[in-house]
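Each chain, letter by letter, is given below.
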Amino acid sequence: MTITFFVPRDSGSLALGAEKVARKLQDEIVARNLDARIVRNGSRGMYWLEPMVEVETPSGRVAYGPVKPSDIASLLDTGMLEGGTHPLSLGLTDQLPFLAKQTRLTFARCGITDPVSLDDYRAHDGLKGLEKALALTPLEIVTQVTESGLRGRGGAGFPTGIKWKTVLDTAGERKYIVCNADEGDSGTFADRMIMEGDPFVLIEGMTIAGIAVGATKGYIYTRSEYPHAIAVMNEALAVARKAGVLGTSVLGSVHAFDIEVRVGAGAYVCGEETALLESLEGRRGIVRAKPPLPAHKGLFGKPTVINNVISLSSVPVILDKGPAFYKNFGMGRSRGTIPLQIAGNVRYGGLFETAFGLTLGEIVDDIGGGTATGRPVKAVQIGGPLGAYFPRELFDTPFDYEAFAARDGLIGHAGLVVFDDSVDMLKQARFAMEFCAVESCGKCTPCRIGSTRGVEVVDRLAANIEPEKQIKVLTDLCNTMKFGSLCALGGFTPYPVMSALTHFPEDFRPAPVAEAAE
Amino acid sequence: MQSASTDIATRAIGIINQLKDEEGPLLPILHDLQGEFGYVPQEALPLIAQALNISRAEVHGVVTFYHDYRDHPAGRHVLKLCRAEACQSMGGDAMAQKARELLGIDWHGTTSDGAVTLEPVYCLGLCACAPAAMLDGEVIGRLDAEKLEEIATEVRL
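Residues numbered from 1 in each chain as written. Chains lettered and ligands numbered in written order. Predicted model: local features only at pLDDT ≥ 70, side-chain atom pairs only at ≥ 80, totals over all residues.

**Section: the overall build of chain B**
Here's step 1: Along its length, chain B carries seven helices and four strands.
Here's step 2: In chain B, the order of α-helices and β-strands from amino to carboxyl end is α-α-α-α-β-α-α-β-β-β-α.
Here's step 3: With the principal axes as the frame, chain B shows a C-alpha extent of 50 × 35 × 20 Å.
Here's step 4: Across the 157 residues of chain B, 41% fall into the buried class.
Here's step 5: Sequence-distant contacts, at least 24 apart, represent 60% of the contacts inside chain B between residues at least 6 apart. (Helix = DSSP H or I, 4+ residues; strand = E, 2+ residues; numbered from the N terminus. Buried ≥ 20, exposed ≤ 12 C-beta atoms within 10 Å, placed from the backbone. Contact = placed C-beta atoms within 7 Å.)

Below, the structure written as structure tokens:
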């Protein structure tokens, strides 16, 4: 029987040497004349174990990691083919606590299947959601998505079903589905993992959206910083077209739908939906004023559904298992699951999909295992560069849209960046302003000018020039940016700045110069 | 000179014609031009404007808005270092400082031998194996001083 090995092709694994591991393993397979093949899967999301190599055994998949090319020979010598033990043995993959504790709905297949094998996808419940959708009316599909309670996973948290309903109800000879895969927030990589590890689920979700609202064309707008995701996505699209999942007759139905990948050019602001649309149309990524909503006048002025990768990738399981199944997970108005991305200075960094409701402390201390450096956790930034820094005192905050908002934070795209006690929060506040200044599209004054003035004020604060006055100016400036900016870039930059100032005031008041000794 | 710019124009027109009938073709055209030449040649801008029936100012505006597009060639290698928060939390700033010292250049600079251009990048999605870098499109995680020294030597070979 042919033995199957799995060596991820996920960027995170590649960044840690997976390509060399795969090549070495292939060489050994040939040299030892083994009846074996290597599947290049996505990542299971446990980056401290990458490159993680798995082997299929009668009792299940057995994992080894982190594997270096020089480990391959000894792994094979000690019976890796039968899942034998070795210092790098991790046991059965599914029983690894980090995986066993998760609820994987959106990421059910990620790291398990061959990302570009449609047969694999079907064998693991793929396309069931789309098949069910094809038997429903557009309104029934939209209703199911609404009933599931799914909210935009890009960060805004707007109910996905309501967005779809607006597009469904808007007349237009041409409509679009745009997938926002411009995942620029530091600490986030869920979109990248889905595109690299299970691209068909995004294709399926977008196709369902197209059928639901009457759109025939979809665009995935992603980042030039994600070359591997672009490659896998394009491979998967070609497979889907060839198999008739996409094209003039989706799975043999009357519906036509096709998808194209478009690549950005290094502008963070293009993650903002209207700037993204401008960019897709071939213009500078300048934010549009709303209204009109993209649902009414979106891409090329046509009714457009614009959703994040994870929102769209959560749709197939909702259609397959029903809205009630999905809605049963979560808390309050945050329904379903959320793929937490635990990153930065953390021991067990990776992707952890779970129902809403875990506390920040459980996520950082129990799942993340504290810092990688072993020093105490000082702050966690949640939701990317526009998210707030939370101190340990707020670790009882449950992971929920409203609970974070109530504490002047946001969950954003669910990325968490952990910092140890060596971090200087004044420096982080300065960086937030600097980043906003670099990335501002320039359309509105509070963002364009405010961010530059913000950097200057923080610098004066650092130089201890009239600190009380600077803090007052900074607070006032943040208030202007928050309420006066056109989009979340200028509007949310105050979150990291003000949270740093509020929760870590000691970092903003340099130690008084010691009096000369008598 | 004349023949070099005619050559650029011919190659640029080929790319423009291939893509101009797509929806929103400007970014794909600019990406392909940069892929072909290593930068977006000034000579191509009026040709794009004409083909897409937009003003040359609009084309210029788009090219200069996006960080990715260059108006002159980069070094033989391009090293991008992530400067975003997750990488900062794992000592990214120190790595950036070291890279600038090793290569003797600042951000966006190219070494005098034309070997390498150093660029900042804000997030490569490798936040759980920070600090991260990208060398000529190849991703690198858990960058440390040793790896950085290897890279600095390798790019100058």
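**As for the overall build of chain A**
Here's step 1: Secondary structure assignment for chain A yields 21 helices and 16 strands.
Here's step 2: The globule rule puts the C-alpha radius of gyration for 518 residues at 24 Å, and the 24 Å found for chain A is close to it.
Here's step 3: C-alpha atoms of chain A, sized along the principal axes, occupy 85 × 65 × 40 Å.
Here's step 4: For chain A, the proportion of its 518 residues judged to be buried stands at 58%.
Here's step 5: Excluding contacts between residues fewer than 6 apart, the proportion of contacts in chain A whose partners are at least 24 apart in sequence is 72%. (Rg over C-alpha atoms; globule rule 2.2 N^0.38 Å.)

**Overview of the UniProt feature "binding site: [2Fe-2S] cluster" (unreviewed entry) in chain B**
Residue and element names in this part refer to chain B.
Here's step 1: Here, the residues flagged by UniProt with the feature "binding site: [2Fe-2S] cluster" (unreviewed entry) are Cys82, Cys87, Cys123 and Cys127. On the basis of their most widely separated C-alpha atoms, the annotated residues across 46 residues gather in one place, lying no more than 9.6 Å apart.
Here's step 2: Its 29 C-beta neighbours within 10 Å are what place Cys82 among the buried residues.
Here's step 3: In contact with Cys82, not counting residues within four places along its chain, are Cys87, Gly92, Val121, Cys123, Leu124, Pro131, Ala132 and Ala133. (UniProt positions renumbered as here; feature names shortened; annotations may be inferred.)

**A look at the interface of chain B and chain A**
Here's step 1: Contacts between chain B and chain A engage 34 residues on the former and 46 residues on the latter.
Here's step 2: Elements that contribute at least two residues to the side of chain B that touches chain A include exactly α2 (26-37), α4 (56-65), α5 (85-88) and β4 (138-140) of chain B.
Here's step 3: Of the residues belonging to the side of chain B that touches chain A, the class tally is 22 nonpolar, eight polar and four charged. (Nonpolar A, V, L, I, M, F, W, Y, C, P; charged D, E, K, R; others polar.)

**A few points about the nonpolar core**
Here's step 1: Formed by 216 residues in total, the largest nonpolar core has its most connected members in Val178(A), Cys179(A), Ile203(A), Ala209(A), Val380(A), Leu416(A) and Ala132(B).
Here's step 2: At ten residues, the largest contribution of residues to this core is made by helix α10 (residues 199-213) of chain A.
Here's step 3: Sequence-distant contacts of Val178(A), that is, excluding residues within four places in its chain, are made with Tyr219(A), Tyr221(A), Leu277(A), Leu280(A), Leu299(A), Thr304(A), Val305(A) and Ile306(A). (Core = buried A, V, L, I, M, F, W, Y, C linked by C-beta atoms within 7 Å.)

**Focus: the sheet that holds strand β7 (residues 217-222) of chain A**
All names here are of chain A.
Here's step 1: Across the sheet, four strands lie side by side as β8-β7-β6-β9; this open sheet has parallel pairing. Looking along the sheet, the strands with just one partner apiece sit at the ends: β8 (258-263) and β9 (304-308). Within the sheet, the average angular offset between the axes of one strand and its neighbour, ignoring direction, is 20°.
Here's step 2: Against the sheet, α10 touches β6 (176-181), β7, β8 and β9, its axis set at about 150° to β6.
Here's step 3: Against the sheet, helix α11 (residues 227-242) makes contact with β7 and β8, and its axis sits at roughly 165° relative to β8, the strand it touches most. (Pairing = 2+ DSSP bridges. Axes fitted to C-alpha atoms, helices over the stretch in contact; angles between N-to-C directions.)

**Considerations on the domain arrangement of chain A**
Here's step 1: You can read the domains of chain A as domain 1 (3-95), domain 2 (118-327), domain 3 (332-420) and domain 4 (425-508).
Here's step 2: On a C-alpha basis, the centres of domain 1 of chain A and domain 4 of chain A stand 47 Å from each other. (Domains from an automatic or database assignment.)

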